[in-house]
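Fold and contact review
Residue-level listing of the chains:
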Amino acid sequence: MAFQELLDQVGGLGKFQILQMVLIVPSLVMTACQMFLENFTTAIPGHRCWVHTLDNDTVSDNDSGILSPDTLLRISIPLDSDLRPEKCHRFIHPQWQLLHLNGSVTNMTEPDKETCLDGWVYDQSSFPSTIVTEWDLVCNYQSQKSVVQSLFMAGMLVGGLIGGHLSDRFGRKLILRWCLLQLTIVGTSAAFVSNFHIYCLLRFLSGCSSIIILANDGMLITEWIRPPSRVMAITVISCAFSVGHILLGGLAFVFREWRTLQLVVSVPFLVFFFSSRWLVESARWLIINNKPEEGLEALRKVAYTNGMQNAGDALTMEGLRSSMQDELEAAQTKVTIWDLFHTPILRKRTCILLFV
């Protein structure tokens with residue numbers, strides 16, 4: 001608890017902590033938008049096979065103007081069990097005999113049907129375009145739609161595995177800024193790609209960045225707040241995440257074209273990248289990683305911002321080393337992931353979290 005005593009001296013919850021959260025919370029909100037973006041960009045609109053007699057613009061009015069679109073649809077697309085046009089099949093040849101029948105014919109034989117060899121026609125009333133309509137991820141290709149979200153989640157898994165190690169070695173702020181810049185680049189690039197596989201790769205990289213941003217944002221908030229107030233800080237983080245869910249729905253309602261929506265939720269991270277230069281690195285990390293001068297400077301900056309300049313001036317390198325002696329010695333002990341299973345209580349909690 002030595003560092004917590006230093007934090008109490010310079011102010012464990014004051015103007016500095018509020019400013020730190022003001023800089024961090026917007027990136028948490030937009031990261032939530034990135035994580036749930038596929039709920040809208042991969043929406044599957046109503047669709048049917050493209051048919052020559054109905055959708056070919058070169059067909060003259062004399063050829064099809066006599067018949068209504070509903071009639072042309074009836075002779076071109078078979079009906080499913082709910083008496084609705086099938087989404088993945090069409091008649092090989094127009095079934096003109098259906099025009100002379102009162103009831104619907106549902107016993108068409110297989111040779112009369114074929115898959116959508118010429119593509120699909122989509123209902124654009126809700127979404128002008130999604131990645132489903134962009135790359136025809138329907139019918140036999142519908143399983144590829146879930147690949148995008150799966151790769152994003154896989155990216156979060158990889159980012160979660162390496163992000164903590166990188167942050168402990170190079171600092172929370174440096175890794176956070178790198179991931180903000182990376183998410184800006186890959187997120188914006190995803191709005192312009194024309195290849196599905198490249199899009200999947202960019203979403204994987206977005207997942208890597210997103211989870212590291214969430215983790216480092218949380219650390220840069222909680223490591224500057226004294227323990228009794230951390231519950232409030234975690235609540236703010238959770239609320240920011242929920243606000244992101246709400247905001248994404250509103251953005252998707254306004255920007256219904258998937259490339260525009262992808263761009264809108266990615267460009268703000270460039271602003272967060274530049275604003276993150278005003279964030280203050282965790283003094284505890286600086287001290288433990290043999291940067292006591294920078295840690296002392298950070299503590300004095302916090303004290304000055306919180307209006308406790310006298311406490312900041314009283315901080316000395318000797319007092320800092322004395323207060324942090326136990327933590328510095330503990331930091332020299334090398335630990336591995338297996339230490340999470342050494343004690344019964346920690347082992348129990350680790351197993352429960354892994355299961356969740």
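Residues numbered from 1 in each chain as written. Predicted model: local features only at pLDDT ≥ 70, side-chain atom pairs only at ≥ 80, totals over all residues. Heavy atoms only, no water.

The name an unreviewed UniProt entry gives the protein chain is Solute carrier family 22 member 10, with Neovison vison as the organism. Under the Subcellular location (unreviewed entry) heading, UniProt states for the protein chain: "Membrane". (UniProt positions renumbered as here; feature names shortened; annotations may be inferred.)

1. Some thoughts on the overall build of the protein chain
Tallying secondary structure elements over the protein chain gives 19 helices and four strands in all. In the protein chain, which comprises 356 residues, the proportion classed as buried is 43%. Long-range pairs, those at least 24 residues apart, make up 74% of the contacts in the protein chain with a sequence separation of at least 6. Summed over all atoms, the accessible surface of the protein chain reaches about 19,500 Å², with 61% contributed by carbon and sulfur. (Helix = DSSP H or I, 4+ residues; strand = E, 2+ residues; numbered from the N terminus. Buried < 20%, exposed > 50% of the residue type's maximum accessible area, 1.4 Å probe, protein only. Contact = heavy atoms within 4.5 Å. Areas by Shrake-Rupley, 256 points an atom, 1.4 Å probe, with all protein chains shown as cover.)

2. Observations concerning the packing of aromatic side chains
One pass over the structure, following the stated rule, counts nine aromatic pairs. Ring centres of Phe36 and Phe241 lie 6.3 Å apart, and the angle between their planes is 70 degrees; this geometry places the pair in the edge-to-face category. Of this pair, Phe36 sits in the loop between helix 2 (15-35) and helix 3 (38-41) while Phe241 sits in helix 11 (residues 230-254); the two residues are 205 residues apart in sequence, bridging distant segments of the chain. For Phe36, a relative accessible area of 31% translates into the label partly exposed. Ring centres 5.5 Å apart and planes at 85 degrees place the aromatic pair Phe269 and Phe272 in the edge-to-face group. (Phe/Tyr/Trp six-rings, centres within 6.5 Å; stacked < 30°, edge-to-face > 60°.)

3. As for the pattern of salt bridges
Scanning the model with the defined rule gives four salt bridges in all. Here Arg259 ties to Glu134 by a salt bridge, and the two come within 2.7 Å at their closest N and O atoms. You can see Arg259 sitting in helix 12 (residues 258-264) and its partner Glu134 sitting in helix 7 (residues 131-135), a full 125 residues away along the chain. Look at Arg259 and you get buried, because its relative accessible area is 18%. Judged by relative accessible area, Glu134 falls into the partly exposed class, the value being 32%. (Salt bridge = Lys/Arg side-chain N within 4 Å of Asp/Glu carboxyl O.)

4. Focus on the environment of Trp224
As for its placement among the helices and strands, Trp224 is situated in the loop between helix 10 (196-222) and helix 11. Residue Trp224 is classed as buried on the basis of its relative accessible area of 1%. Considered as a pair, Trp224 and Gly12 are 212 residues apart in the sequence and their alpha carbons are 6.7 Å apart. Those residues in contact with Trp224 that lie beyond four places of it in its chain are Leu7, Gly12, Phe16, Gln17, Gln20, Val280, Glu281, Ser282, Ala283, Ala298, Leu299 and Val302.

5. Re helix 11
Every α-helix carries 3.6 residues per turn, so stepping three or four residues along brings you back to the same face. Here helix 11 contains 25 residues, and its C-alpha end-to-end distance of 36 Å stays within 8% of the 36 Å for a straight helix at 1.5 Å per residue. Among all positions of helix 11, only Ala233, Ile237, Ala240, Gly244, Leu248, Leu251 and Ala252 are buried. Looking at the packing, one finds that the buried side of helix 11 touches helix 2, helix 3, helix 10 and helix 12. (Expected span 1.5 Å × (residues − 1).)

6. Comments concerning the nonpolar core
In summary, soluble globular proteins display a tendency toward joint burial of nonpolar side chains. By size, the foremost hydrophobic cluster in this structure holds 55 residues, and its most contacted members are Trp135, Tyr199 and Val265. Looking at this core element by element, the count peaks at nine residues for helix 10. Among residues more than four places away in sequence, those in contact with Tyr199 are Glu38, Thr41, Ile131, Trp135, Val148, Ala190, Val193, Trp258 and Gln262. Of all hydrophobic cores here, the second largest spans 21 residues; its members include Trp285, Ile288, Leu296 and Val302. (Core = buried A, V, L, I, M, F, W, Y, C linked by side-chain atoms within 4.5 Å.)

7. Some words on the side chain of Thr41
Positionally, Thr41 belongs in helix 3. When residues no more than four places from it in sequence are discounted, the contact partners of Thr41 are Thr130, Ile131, Val132, Tyr199, Trp258 and Leu261.

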